[in-house]
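Next come the chains, spelled out residue by residue.
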Amino acid sequence: MKAKDLRLRTDSDLMSELSSLKEELFSLRFQNATGQLENPMRIRECKKDYARIKTILRQRELERAGEEANARN
């Protein structure tokens, strides 16, 4: 996933994607522990996608907080 594409999505879409990535990451870790994982690089991809989404959500949160602070002044 590209950050550019993720920025076009709504917060609710990103939150649902975040929960599905969390479930997939759990599943991949479980498969890795049992020796059934076919593509170990998928764990790394999931972790990076998860971090990208969390970063975008945090940036939006900070932007909203900054706008509220400016509106109060």
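One structure accompanies this document, and this report is about it. Model, not experiment: these values are computed from the prediction.

In this structure, L6, L14, L18, L21, L25, L28, L37, I43, C46, I53, I56 and L57 together form the largest nonpolar core, which totals 12 residues. When contributions to this core are tallied by element, the ones reaching two or more residues are α2 (11-34) and α3 (41-72). If we ignore the near neighbours within four places in the chain, the residues touching I56 are A3, L6, R7 and L14.

Relative placement of two packed helices is described by the angle separating their axes and the distance separating the axes. Running from amino to carboxyl end, α2 crosses α3 at an angle of 155°, the nearest separation of the two axes being 9 Å. The orientation of α2 relative to α3 falls into the category roughly antiparallel. As for the relative orientation of α2 and α3, their crossing is left-handed in sense. On α3, the residues touching D11, L14, M15, E17, L18, L21, K22, E24, L25, L28, R29 and N32 of α2 are R42, I43, C46, K47, D49, Y50, I53, K54, I56, L57, R60 and R64. A class-by-class count of the residues in the contact of α2 with α3 yields 12 nonpolar, one polar and 11 charged.

Criteria and cut-off values
Residues numbered from 1 in each chain as written. Predicted model: local features only at pLDDT ≥ 70, side-chain atom pairs only at ≥ 80, totals over all residues. Heavy atoms only, no water. Core = buried A, V, L, I, M, F, W, Y, C linked by side-chain atoms within 4.5 Å. Buried < 20%, exposed > 50% of the residue type's maximum accessible area, 1.4 Å probe, protein only. Helix = DSSP H or I, 4+ residues; strand = E, 2+ residues; numbered from the N terminus. Contact = heavy atoms within 4.5 Å. Axes fitted to C-alpha atoms, helices over the stretch in contact; angles between N-to-C directions. Parallel < 35°, antiparallel > 145°, perpendicular 65-115°, else oblique. Left-handed = near helix turned anticlockwise from the far one by under 90°. Nonpolar A, V, L, I, M, F, W, Y, C, P; charged D, E, K, R; others polar.

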